[in-house]
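Residue-level listing of the chains:
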Amino acid sequence: AVWKQVHGLWDRAILSLAHDNPGLYAGTDQGIYRSEDNGNTWESLDAGLEPSSGRALLIQPLPPENPPGEQQSPQLQLPQLIVGTEQGIAALPLPAQRVEPVRWSRSNTGIVNSQILALASSRDGTTIVAGTTAGVYRSTSGGRTWDAWDDGLTQRFGPDKLRVPVVLAVPRGG
């Protein structure tokens, strides 16, 4: 493979990348960006999202079915770009159209105030895991709600801190 320099994000530190045809997404120290031409040009997706860096990006292929009796938001009937930031988790339905405004939704229900460091999903999209500065959290609702999922993990940085820099995989079945 040969690396090729592309234009558009010269003065930003790239913290995370995600890909979903035709989009390439970059989480940077100055916001979230999308390219639809293999990185030659970039557009900001920050409208409606308070200034933050995109520490972790995840494309959730298809949201899981709603529990009986719960109505699904039209935004959650599409695949999502899920972003982990210093302020928690936000989601954007894909494909994010070029029509303004871009509609981010926050999905921090159940997560203790903490920075999101890593995101991972099961192949079928039914389980999402977030590694945070306060522990590991799991969602089986497409990222709408979260539960602590760190029983048995060693707490290394004080009684209420568990730093998880990378979440590698989610076992089958969640």
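As a reminder, the structure under discussion sits directly above these lines.
Residues numbered from 1 in each chain as written. Predicted model: local features only at pLDDT ≥ 70, side-chain atom pairs only at ≥ 80, totals over all residues. Heavy atoms only, no water.

Colleague: If you had to explain the side chain of Thr-85 to someone new, which residues and values would you point to?
Modeller: On the secondary structure map, Thr-85 appears in strand S6 (residues 80-85). Relative accessible area serves as the criterion here: at 0%, Thr-85 is assigned to the buried category. At 3.0 Å, the side chain of Thr-85 forms a polar contact with the backbone nitrogen of Gln-87. The contact partners of Thr-85, leaving out residues within four places of it in the chain, are Ser-52, Ser-53, Arg-106, Gln-115 and Ile-116. (Helix = DSSP H or I, 4+ residues; strand = E, 2+ residues; numbered from the N terminus. Buried < 20%, exposed > 50% of the residue type's maximum accessible area, 1.4 Å probe, protein only. Polar contact = N/O pair within 3.5 Å; in protein donor to acceptor, adjacent residues only side chain to side chain. Contact = heavy atoms within 4.5 Å.)

Colleague: An account of the side chain of Arg-34 is requested, with residue identities and associated values reported.
Modeller: On the secondary structure map, Arg-34 appears in strand S3 (residues 31-35). At a separation of 2.6 Å, a polar atom in the side chain of Arg-34 contacts the side chain of Glu-43.

Colleague: Tell me about the sheet that holds strand S10 (residues 128-132), and name the residues and values.
Modeller: Across the sheet, which stays open at both edges, the four strands sit in the order S9-S10-S11-S12 with antiparallel pairing between neighbours. Bordering the open sheet on either side are strand S9 (116-121) and strand S12 (147-148), each of which pairs with just one other strand. Direction of pairing for S10 relative to strand S11 (residues 135-139): antiparallel, over a ladder of five bridges. From the neighbouring strand, Ala-130 faces S11, where its bridge partner is Tyr-137. (Pairing = 2+ DSSP bridges.)

Colleague: Got a sec to walk through the pairing of S3? Specific residues and values, please.
Modeller: For S3, the buried fraction is high: five of the five residues fall into the buried class. Side chains of S3 alternate between two faces, with Gly-31, Tyr-33 and Ser-35 and Ile-32 and Arg-34 buried alike. Note: S3 against strand S4 (residues 43-44), two bridges, orientation antiparallel. Note on S4: the bridge partner recorded for Tyr-33 is Ser-44.

Colleague: Give a description of the pattern of salt bridges that names residues and reports values.
Modeller: Evaluated as defined, the whole model comprises four salt bridges. Salt-bridge contacts for Arg-34 lead to Glu-43; the nearest nitrogen and oxygen are separated by 2.6 Å. According to the relative accessible area criterion, Arg-34 is buried, its value standing at 2%. In this structure, the salt-bridge partner of Arg-55 is Glu-86, at a minimum N-O distance of 3.5 Å. Pair noted here: Arg-55 is in the loop between S4 and strand S5 (56-60) and Glu-86 is in the loop between S6 and strand S7 (88-93), with a separation of 31 residues, a long-range link. Glu-86 sits in the partly exposed class, given a relative accessible area of 25%. (Salt bridge = Lys/Arg side-chain N within 4 Å of Asp/Glu carboxyl O.)

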